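Below are the chains, spelled out letter by letter.
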Amino acid sequence: MATDSTDSTESTGRRAISQLTEVIRDHQFRYYVLDKPIISDGEFDSLLKELQALESKHPEFKDPNSPSDLVGGGFSTHFTQHDHIEKMMSLDNVFGTDELDTWFARIEKSGVQNSWLCEVKVDGLAINLLYEKGKLIRALTRGNGTTGEDVTLNIKTISAIPHELAGKNIPELLEVRGEVFFPVEAFNEFNDGLEEEGKQRFANPRNAAAGSLRQKDPRVTASRPLSMVVHGIGASSGVTFASQSEAYELLNSWGLPTSKRFKVATSRQEVIDFIEYYEKHRHDVEHEIDGAVVKVNEIAIQEDLGFTSRAPKWAIAFKYPPEEVTTRLLDIKVSVGRTGRVTPFAYMEPVIVAGSTVTNATLHNQEEVIRKGIMIGDVVVIRKAGDVIPEVLGPVIERRTGSEKSFVMPTKCPDCGSALRAMSDGDVDLRCPNSQSCPAQLRERIYYIGSRAALDIDVLGYEAATAMLADGLLSDESKLFSLTSQDLSHSQFFLKKDGTLGANAEKFLAALEVAKSRPLWRVIVALSIRHVGPTAAQSLAKNFGSLDAIQSASLEELASVDGVGEIIAQAVVEWFSVDWHREIVKKWGKAGVLLVDVQKENTAAQTLAGLTLVVTGSLIDFTRDGVSEVIALHGGKTSSSVSKKTDYVVVGEAPGSKAAKAEELGVPILDEAGFKALLAGKTGKKS
């Protein structure tokens, strides 16, 4: 009996240490990696003391990696290899409707009636999630299909992926397959940030996603806005699915991120319509896609059809043509940006890519030119995705003739002659230090002030900025808001043929007055402080309330603001340390520009109270940011995605896939006139 009692005590001690260790490790992960603790420090300390007491009583059961011994959690990804329970297959590809018809014919030979599940093919990184009793146990890369690398800690930093499944009928075991991706908009911002810091850019979102998951420190992965879409199931126990679409519904009900971009089709034509739609609208999707996937929807038929050695017979990937072309690189020139960064760009023989004619493409910096091995005179491969600036991917070595020349980065600014230099140690970018009077920087900054990204000033485009500088109306941006009709009369740009002021002069002066009352964060953006974009500007405006307070804040105070950080804080401090920068702020303030974050009393009729609207396409009388401000002013909310909870979708010119989604869900659609009527209270609200 004594032996049984001892065994029971030991078993209880082993189990208690194991369970408590797991609980503490989870809390450490949330605290040190995710920065989202769910218990107080006191509660955590109590758990740790409890574990230490148990380990002291039963030292033989202590985990070698016990959290009681690790400072800061000790989390590190080692990429150890594990086998998938069920092999991760690839997909066979087709590249045209003839090949697709052949595949359809093979399926239909079985003589069974089936439907098709169509979905977009995410260009991401394949991942296999293993859940046991609803808990995420392991996450593996595809690897060779049989064995993958363990990236569990890094996957757990992705907010879209649940650590534990919720809902009814959770299976005993479930392997979930999907794609980790870097959202395109976030990727572009992230890449721009890398470039500003003098670091190498990622070539595309897929590489960025892969690089982010290959970090040994999961905190680095956590700092990047990765997401995931699940699209398949491997091994499972305790659950059955009648169809692929039903499986998606169940996965979604358990909290897994399934795609909303799929359709069950009952005919070949519906499948082809789906494929053609997303080929035309591939850049309306939040992640990159390189095709569409067609699957037999019924699971029983999938099982009958089976697999080849590498791919399921019941699924096919229809690959879209690549958005890459070749052309001749005629020269490599450089341009000077508004913050002084000197950027090489390719000047090429005109070529049509992604629907537009391209002659120039970015090369980012001199190190990028060297890394890609590009020479003047090369035939080069360029890529253009949607509205993204065209990029040179590399040379076609086989087509070299021997007449090609290496690019030599200039040592002087092409616009003002100042000696170029790196602004800090390790900065791969060269910059023109003559920020006050370099014509190129001045032109770019003044143009930027008038852009929609900053103060949205009508008439103040590139041509106007160039003319005002050339005609001596401005020597820098400090006098912009003090311009008068008398000043404008000295520039041909604002004059009619008879020498009198034209309509654009009146429009411009009126627009300047309107711009003086723009929100503080827009004024901060308009100052062209290095690294400071809309997100950081809004955080600064909200936390400090005025430009004067921002100027007076210490580096530590600035860096502590959410959305700012040390790099941006240092840039703000450096900007305000320059005399002529402070003079800009002073003169703008004297001219009536609002330099404080005024929370104005909202007197607008709350005609949109309780309504959620989605806006897609370009509107004539509203900018992208302006329409959101108007909706909020009238009591409504703006959403970036269409769902059954959306009240209205406002459609402008060249709308994206959101309009089609609204039609599919039966959400009311308004054109710009209808939106204005709704604002005015002349349209009945959705019942």
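Above: the structure in question.
First things first, this report covers the structure right here in the doc. Computed from a predicted model, the values in this text were never measured in an experiment.

## Focus on the packing of helix H3 (residues 97-108) against helix H9 (residues 268-280)
Two measures define how a pair of helices packs: the angle their axes make with one another and the distance between the axes. Between H3 and H9, whose axes approach to 12 Å, the crossing angle comes to 145°. The two elements H3 and H9 meet at a crossing, and its hand is right-handed. Each of Leu100, Asp101, Phe104, Ala105 and Glu108 in H3 lies in contact with H9, whose residues at this interface are Arg268, Val271, Ile272 and Ile275. Taken together, the residues of the contact of H3 with H9 sort by class into six nonpolar, no polar and three charged.

## Focus: the nonpolar core
Judged by nonpolar contacts, the single largest core of 54 residues is most densely connected at Ile457, Phe481, Phe508 and Leu547. Only helix H12 (439-450), helix H13 (462-470), helix H15 (503-515), helix H16 (520-526), helix H17 (534-544), helix H18 (547-552), helix H20 (565-576) and helix H21 (579-590) provide two or more residues apiece to this core. Aside from chain neighbours lying at most four places away, what touches Phe508 is Ile457, Asp458, Val459, Leu460, Met468, Leu480, Leu483, Leu488 and Phe494. Leu165, Phe187, Ala208 and Ala210 belong to the second-largest nonpolar core, a separate cluster that totals 34 residues.

## So, H12
Taking 1.5 Å of rise per residue, the 12 residues of H12 would be expected to cover 16 Å, and the 17 Å separating its terminal C-alpha atoms lies within 8% of that figure. The buried fraction of H12 amounts to nine of the 12 residues, a majority that puts the element mostly inside the structure. Of all the residues in H12, the buried ones are Ala440, Gln441, Leu442, Arg443, Arg445, Ile446, Tyr448, Ile449 and Gly450. Buried residues belonging to H12 abut strand S12 (324-336), H13, H16 and H21.

## Structural notes on the packing of H12 against H13
Viewed as axis vectors pointing N to C, H12 and H13 meet at an angle of 135°, and their least axial separation amounts to 9 Å. On the basis of the axis angle, H12 is oblique to H13. For the element pair H12 and H13, the recorded crossing hand is right-handed. On H13, the residues touching Pro439, Leu442, Arg443, Glu444, Ile446 and Tyr447 of H12 are Tyr462, Ala465, Thr466 and Leu469. Per-class residue counts for the contact of H12 with H13 are seven nonpolar, one polar and two charged.

## Focus: the pairing of strand S18 (residues 612-616)
Counting buried positions over the five residues of S18 gives four, a clear majority of the element. Relative to strand S19 (residues 637-638), S18 runs parallel, the two being bridged by two bridges. Within S19, the position partnered with Thr612 by the bridge is Lys637. The pairing of S18 with strand S20 (residues 648-651) spans four bridges and is classified as parallel. Of the residues in S20, the one forming a bridge with Leu613 is Tyr648.

Conventions adopted
- Residues numbered from 1 in each chain as written.
- Predicted model: local features only at pLDDT ≥ 70, side-chain atom pairs only at ≥ 80, totals over all residues.
- Heavy atoms only, no water.
- Axes fitted to C-alpha atoms, helices over the stretch in contact; angles between N-to-C directions.
- Helix = DSSP H or I, 4+ residues; strand = E, 2+ residues; numbered from the N terminus.
- Left-handed = near helix turned anticlockwise from the far one by under 90°.
- Contact = heavy atoms within 4.5 Å.
- Nonpolar A, V, L, I, M, F, W, Y, C, P; charged D, E, K, R; others polar.
- Core = buried A, V, L, I, M, F, W, Y, C linked by side-chain atoms within 4.5 Å.
- Buried < 20%, exposed > 50% of the residue type's maximum accessible area, 1.4 Å probe, protein only.
- Expected span 1.5 Å × (residues − 1).
- Parallel < 35°, antiparallel > 145°, perpendicular 65-115°, else oblique.
- Pairing = 2+ DSSP bridges.

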